[in-house]
Amino acid sequence: MSAMPERAFAAPHAGDILLSVRGLKMHFPVYEGALFRKVIGHVKAVDGVDFDIRRGETLGLVGESGCGKTTTGRCILQLERPSAGEILFNGKNLAELDRDAMRAMRSRIQVIFQDPYSSLNPRMTVGDIIGEPMKVHGTEPDRAKRDRRVRELLHTVGLNPRFADRYPHEMSGGQRQRVGIARALSLQPEFIVCDEAISALDVSIQAQIINLLEDLRDQFNLTYLFIAHDLSVVRHLCHRVAVMYLGKVVELAECDELFDNPMHPYTRALLNAVPIPDPEVEANRPHQVIQGEVPSPINPPSGCVFHPRCTLAVDGCKMSIPGLRELRPGHWVACTEV
Amino acid sequence: MATLLEVENLQTQFLTSAGIVKAVDGISYDVEEGETVAIVGESGCGKSVGALSIMRLIPWPPGRIIGGAVHFQGKDLVKLSDAEMRHVRGRQIGMVFQEPMTSLNPVLTIGLQLTETMRHHLGVTQEDADKRAVDLLGMVGISDPARRLKQYPHHLSGGMRQRVMIALALSCEPKLIIADEPTTALDVTIQAQILELMKGLTRRLGVALIVITHNLGVVARYADRVNVMYAGKIIERGRAHDIYHRPSHPYTLALLKSVPRMDQPRKAKLDPVQGQPPDLTRLDAGCAFRPRCAYRAERCEREFPSLDTVAPGHVAACFETARVTRLEKVAS
């Protein structure tokens, strides 16, 4: 194997690393023609992403639609086969595992999806939904024991154990999301990808689920990759945050550092766009709205992908792709002009 | 400022297999000329149905406006005939919907959709309408407007489509625009663009705006006055500053406390509103919020509190407002 890419953001006191993403690329082919299909380009959904997640840490992955945050999560879950790069879990390259080893690994990496309506099978009872992973992985083959464990899990996520006999359509969105969380916990994973896990919920229910995710993190020593577009929630829940734009990580820092001292022009524009629920703060805040829209990931701009919308852009930005530089301890920024 | 729109005890119900849903249960509010009023609440609180009722866009069956009045420019919109109502929609009141993907007709060009409205309401020639359509698209920040007129909605991004919707709503120079979750489907930077655009244009043209949203940040940034809805009723109303800094209804207070703040470091765990939103088919005579309320008293079981004044221009529907405000003062 060629030389490993540099361990970009392993801060000095990083503790032990649970998951490493190295040079991850996911390019989806774009076809044209019905009979003679040919590839006319690629959607560069993820285009060279590196980060580490420490054990017990919650890393926030934020950005707007199409920035590649969900695809990154899907690559980690091995739901997509990456075009390039590797994903190391506990030091093992997931792509090199054989079938059985991968199957065992899947029980340690779980996911909570965004939509509590479409991610639960409407024909299965809540008990069967939560019990199914234990049946498939054979961790609890005995029906009675499994049912007991399902009731325990329901209790853990704050639902009445009687819900085991109900169907998803009898439940509210918040209750369904709790079922999704119970299912993710059923195999006692170490790592959970939360893909917009609270975005579909009402404001008053969001806070309940955020608190639940926090409690479970402490109780079971979980590590989360928290993919979200709601920056207020990310600030509340995450230890570190990575900001993505058009398939690349443009900034990565400790949570408060990122929100109090954003350096990349895109991060600044993004934070500025989020309205704060306080009329007084809003009245005294400058509102500089970022112009234009996110370019197509099929044909991204040359050099720094953000340069067409950037207020700091100079000629050099069109030519060279900026790498992440550590401008303050643990604060990495992919911009040459800050 | 003169009152432009006055909603009076509006009631809209839906007949469903589970029973009668009182989606809007006697709401009253007003909008002054050029003012931005927010209607805020969670899914199912009746905020969208309330807006659609003003426009008489509730499909029967299953929905029906069963009482109340909407006074607008000397008319009661609830009593107008369908033909008369068509002269109000789009002409005197514009509407911006949530879904920029589905609220434009996919088989008609942008230009046709814009000019059709103007030709119908203003009786202008196609040529004049085309000219005005180009101006409108330019005004809402769409580049190369003459070329865009010939394009179809699928050629445009979500943000661009919402700009077209705004151009459409403004095309006949209405006095009032109702925007139902105008930016919920959009990314945050595009949301900021669209909201700044709407704010700028409504201020410049003196158009009043009703913004319906669940986003407390959007309300804080853009609204002059705020109506908070819960289970089909308005439970608090006031100037934005009063609602955010002196909330007097326990629901408003709980809602504000439950959202994390992006501009402040994390202080403690969130303080969520407990329990689930109510089932609208099973409401009784008491206060709908009482099962989730930290301040509930015995009286809340039996009667629904009316909207009473807590300060000038600030009303709340709660028997315990004095206790809510007093305890909050102590806490802060």
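Residues numbered from 1 in each chain as written. Chains lettered and ligands numbered in written order. Predicted model: local features only at pLDDT ≥ 70, side-chain atom pairs only at ≥ 80, totals over all residues. Heavy atoms only, no water.

**Description of the overall build of chain A**
Looking only at helices and strands, chain A has 11 helices and 12 strands in total. Taken over C-alpha atoms, the radius of gyration comes to 21 Å for chain A, in line with the 20 Å a tight globule of 338 residues would show. Over its C-alpha atoms, taken along the principal directions, chain A stretches across nearly 70 × 55 × 50 Å. Every one of the 338 residues in chain A was classed for burial, and the buried ones make up 55%. The contacts of chain A with a sequence gap of at least 6 include a subset with a gap of at least 24, amounting to 64%. Roughly 15100 Å² of accessible area belongs to chain A as shown, and the carbon and sulfur atoms make up 49% of that amount. Computing the positive centroid from 39 side-chain charges and the negative centroid from 42, chain A places the two 6 Å apart. (Helix = DSSP H or I, 4+ residues; strand = E, 2+ residues; numbered from the N terminus. Rg over C-alpha atoms; globule rule 2.2 N^0.38 Å. Buried < 20%, exposed > 50% of the residue type's maximum accessible area, 1.4 Å probe, protein only. Contact = heavy atoms within 4.5 Å. Areas by Shrake-Rupley, 256 points an atom, 1.4 Å probe, with all protein chains shown as cover. Lys, Arg positive; Asp, Glu negative; His and termini not counted. Charge placed at Lys NZ, Arg CZ, Asp CG, Glu CD.)

**Some details on the overall build of chain B**
Check the secondary structure of chain B and you find 11 helices and 12 strands. The C-alpha atoms of chain B give 21 Å as radius of gyration, which agrees with the globular expectation for 332 residues (20 Å, within 12%). Its C-alpha atoms put chain B at 65 × 50 × 40 Å along the principal axes. Taking all 332 residues of chain B together, the buried fraction comes to 54%. Across chain B, the fraction of contacts at a sequence separation of at least 24, relative to all contacts at a separation of at least 6, is 65%. Accessible surface, chain B as shown: approximately 14600 Å² in total, 51% of it carbon and sulfur. Treating the 41 positive side-chain charges of chain B as one cloud and the 36 negative ones as another, the clouds have centres 3 Å apart.

**So, helix 7 (residues 188-205) of chain B**
In this model helix 7 of chain B runs 25 Å from its N-terminal to its C-terminal C-alpha over 18 residues, within 8% of the 26 Å that 1.5 Å per residue would give. Those residues of helix 7 of chain B lying buried are Val188(B), Thr189(B), Ile190(B), Gln191(B), Ala192(B), Gln193(B), Ile194(B), Leu195(B), Leu197(B), Met198(B), Leu201(B) and Thr202(B). Elements in contact with the buried residues of helix 7 of chain B: helix 9 (265-273) of chain A together with helix 4 (126-139), helix 6 (158-170), strand 7 (176-180), strand 8 (208-213) and helix 8 (216-222) of chain B. One or two residues past the end of helix 7 of chain B sits Gly206(B), with phi positive at roughly 70 degrees. (Expected span 1.5 Å × (residues − 1).)

**Quick notes on the pairing of strand 10 (residues 248-254) of chain A**
All names here are of chain A. Where burial is concerned, most of strand 10 is hidden: 6 out of the 7 residues are buried. Where strand 9 (residues 240-245) and strand 10 come together, 6 bridges link them in antiparallel fashion. Note that in strand 10 the partner of Met244 across the bridge is Val249. Taking the residues that link successive antiparallel strands as the turn, the strand 9-strand 10 hairpin has 2 residues, and the phi of Leu246 there is positive, at about 50 degrees. Two strands pair when backbone bridges link them, and strand 10 and strand 12 (residues 331-333) are joined in this way by 2 bridges, in the antiparallel orientation. Bridge assignment links Glu251 to a residue of strand 12, and that residue is Val333. (Pairing = 2+ DSSP bridges.)

**Some remarks on the packing of helix 5 (residues 173-185) of chain A against helix 6 (residues 203-220) of chain A**
All names here are of chain A. Between helix 5 and helix 6, whose axes approach to 10 Å, the crossing angle comes to 15 degrees. Comparing their axes, helix 6 and helix 5 come out roughly parallel. Considering how the two elements wind past one another, helix 5 and helix 6 form a crossing that is right-handed. When helix 5 is examined against helix 6, the residues Gly174, Gln177, Arg178, Ile181 and Leu185 are found in contact with a partner set consisting of Ile205, Gln208, Ile209, Leu212, Leu213, Leu216 and Phe220. (Axes fitted to C-alpha atoms, helices over the stretch in contact; angles between N-to-C directions. Parallel < 35°, antiparallel > 145°, perpendicular 65-115°, else oblique. Left-handed = near helix turned anticlockwise from the far one by under 90°.)

**Let's talk about the sheet that holds strand 4 (residues 84-89) of chain A**
All names here are of chain A. Read from one edge to the other, the open sheet built from 4 strands follows the order 2-1-4-5, with strand pairing classed as antiparallel. Looking along the sheet, the strands with just one partner apiece sit at the ends: strand 2 (38-54) and strand 5 (92-93). Relative to strand 5, strand 4 runs antiparallel, the two being bridged by 2 bridges. Bridged to Leu88 within strand 5 is Asn93.

**A closer look at the domain arrangement of chain A**
Residue and element names in this part refer to chain A. For chain A, the domain assignment lists domain 1 (17-108 + 194-204 + 219-333) and domain 2 (117-188). Between the C-alpha centres of domain 1 and domain 2 there is a distance of 30 Å. Taken together, both faces of the contact between domain 1 and domain 2 bury some 640 Å²; the carbon and sulfur share is 65%. Three residues stand out in domain 1 for area buried against domain 2, namely Arg103, Ser107 and Leu201, and they jointly supply 58% of the buried area on that side. Summed over the shared surface of domain 1 and domain 2, the result is 0 salt bridges. The interface formed by domain 1 and domain 2 contains 2 residue pairs in polar contact (both at pLDDT 80 or more). Those elements that place two or more of their residues in the side of domain 1 that touches domain 2 are helix 2 (99-106) and helix 6. Class assignment of the residues belonging to the side of domain 1 that touches domain 2 gives a composition of 4 nonpolar, 2 polar and 2 charged. (Domains from an automatic or database assignment. Buried area = accessible area lost by both parts, 1.4 Å probe. Salt bridge = Lys/Arg side-chain N within 4 Å of Asp/Glu carboxyl O. Polar contact = N/O pair within 3.5 Å; in protein donor to acceptor, adjacent residues only side chain to side chain. Nonpolar A, V, L, I, M, F, W, Y, C, P; charged D, E, K, R; others polar.)

**So, the side chain of Thr252(B)**
In this structure, Thr252(B) sits in helix 10 (residues 250-258). In contact with Thr252(B), not counting residues within four places along its chain, are Val228(B), Ile235(B), Glu236(B), Ile243(B) and Pro247(B).

**Remarks on the side chain of Arg183(A)**
In this structure, Arg183(A) sits in helix 5. At a separation of 3.0 Å, a polar atom in the side chain of Arg183(A) contacts the main-chain carbonyl oxygen of Ser119(A).

**Side note on the state of the cysteines**
Residue and element names in this part refer to chain A. The tally for this structure, following the rule as stated, stands at 0 disulfides over all chains. With no disulfide partner, Cys67 has as its closest neighbouring cysteine sulfur the one in Cys75, 13 Å distant. For Cys67, a relative accessible area of 4% corresponds to the buried category. (Disulfide = S-S within 2.5 Å.)

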